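Fold and contact review
These are the residues of each chain, in order.
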Amino acid sequence: HASEKDSSGRSAGLFMVALSLSSALGILTIWYFQKYFPWDQIFFVFSFLPFFGFFCLLALPVVTSLSTSLSVHHQFKLIKRSWHSYTALRFSLLWFGLAFVNGLAVGFLPVDIKNMFGIQFVGPLSTLFYLIPIFFSYSIGKVSDTRGRKKMIYFSLVLGALSLILLWLAETVWLVILSVV
C-alpha cells in the first residue's frame, strides 16, 4: 500500500489523472501526426514508449509495506485466496463491467463522431473521455475518502448510466460533449 488509508481515494484519483492524461495525449498526438505521416510509421515510432515506461518502472524505489515484506510464498497464498474471495470477485466484476462499457463507448464513438460531424472532430471529441477524468478524478477520490466509497460508487454508476443514455440519444456536438462530461 503506497498511501495511507484516509487518503487512498485521493491517491487513486491522482493515479487516474496520470493514466487519463497519457491516454488523452496519445489520442491528440496521433490525431495531429496522422496529417503528416502514414499510420504505420506513427504506430511504429510510438510502439517504443511502453518499453521506455517499463524501464522507468524498474527504476522506481521499492515501497515497503506489509504485503511487500511477506515472502514470495506468502504472496502467492494471498493471490490464491483472492481468487476465492467474494469481495474480490464483486470488485473485479464491477471493474470489468465499467472497463467493458468504456471500451465499447470509446471504440464506437469515433466512428459515430465521424459519421455525424466529420473526421476533423474525432480527435478532439474522443479525447474528452480522457480529459474529464483528469479534471475530476482527484477531487472525486478525495470526496470518497470523506463521504464513503459505497456512496461514490453508486453515484458514479447512476451518473455513468445516464451519460450513456444521453450519448446514445445525442445528435448534436453539444449533447455528445454533455454526455461525456
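Residues numbered from 1 in each chain as written. Predicted model: local features only at pLDDT ≥ 70, side-chain atom pairs only at ≥ 80, totals over all residues. Heavy atoms only, no water.

Quick notes on the overall build of the protein
Applied cut-off: Helix and strand assignments come from DSSP, with helices taken as H or I runs of at least 4 residues and strands as E runs of at least 2, each series counted from the N terminus. With a 1.4 Å probe rolled over the protein chains alone, any residue whose accessible area is under 20% of its type maximum counts as buried; one over 50% counts as exposed, and the rest are partly exposed. Contact definition: two residues touch when any of their heavy atoms are within 4.5 Å.
Of the regular secondary structure elements, the protein holds nine helices and zero strands. Along the protein, helices (α) and strands (β) appear in the sequence α-α-α-α-α-α-α-α-α when read from the amino end. Looking at the protein residue by residue over its 181 residues, the buried ones come to 18%. Relative to all contacts within the protein whose residues are 6 or more apart in sequence, the contacts with residues 24 or more apart total 69%.

A look at a nonpolar patch on the surface
Inclusion rule: Patches here: salt-bridge-free residues with over 30% relative accessible area, like charges joined within 9 Å, nonpolar side chains (Val, Leu, Ile, Met, Phe, Trp, Tyr) joined within 5 Å. Reported accessibility uses the Shrake-Rupley method at a 1.4 Å probe radius. Residues are deemed covered only where the shown protein chains occlude them. A carboxyl oxygen of Asp or Glu within 4 Å of a side-chain nitrogen of Lys or Arg is what we treat as a salt bridge.
Where nonpolar side chains cluster on the molecular surface, the patch consists of F44, V45, F48, F51, F54, F55, L57, L58 and L60 and spans about 1000 Å² of accessible area. When residues of the nonpolar patch are traced back to their parent elements, those giving at least two are α2 (39-46) and α3 (49-58). In terms of residue count, the dominant contributor to the nonpolar patch is α3 (five residues). Its place among the elements puts F48 in the loop between α2 and α3. For F48, a relative accessible area of 46% puts it in the partly exposed group.

Notes on the packing of aromatic side chains
Rules: Centres within 6.5 Å are what make two rings of Phe, Tyr or Trp a pair, Trp counting through its six-membered ring; a difference in plane orientation under 30 degrees is then read as stacked, over 60 as edge-to-face, and the rest as tilted.
Scanning the model with the defined rule gives eight aromatic pairs in all. Judged by centre distance (5.9 Å) and plane angle (20°), the ring pair of W39 and F43 falls under stacked. Taken together, the residues W39 and F43, both in helix α2 and four residues apart, mark about one turn of the helix. Judged by its relative accessible area of 47%, F43 is partly exposed. Judged by centre distance (6.3 Å) and plane angle (65°), the rings of F117 and F121 are edge-to-face. Note on F121: relative accessible area 31%, which makes it partly exposed. A network of ring pairs unites the aromatic residues Y32, F33, Y36, F37 and F46 as a single cluster.

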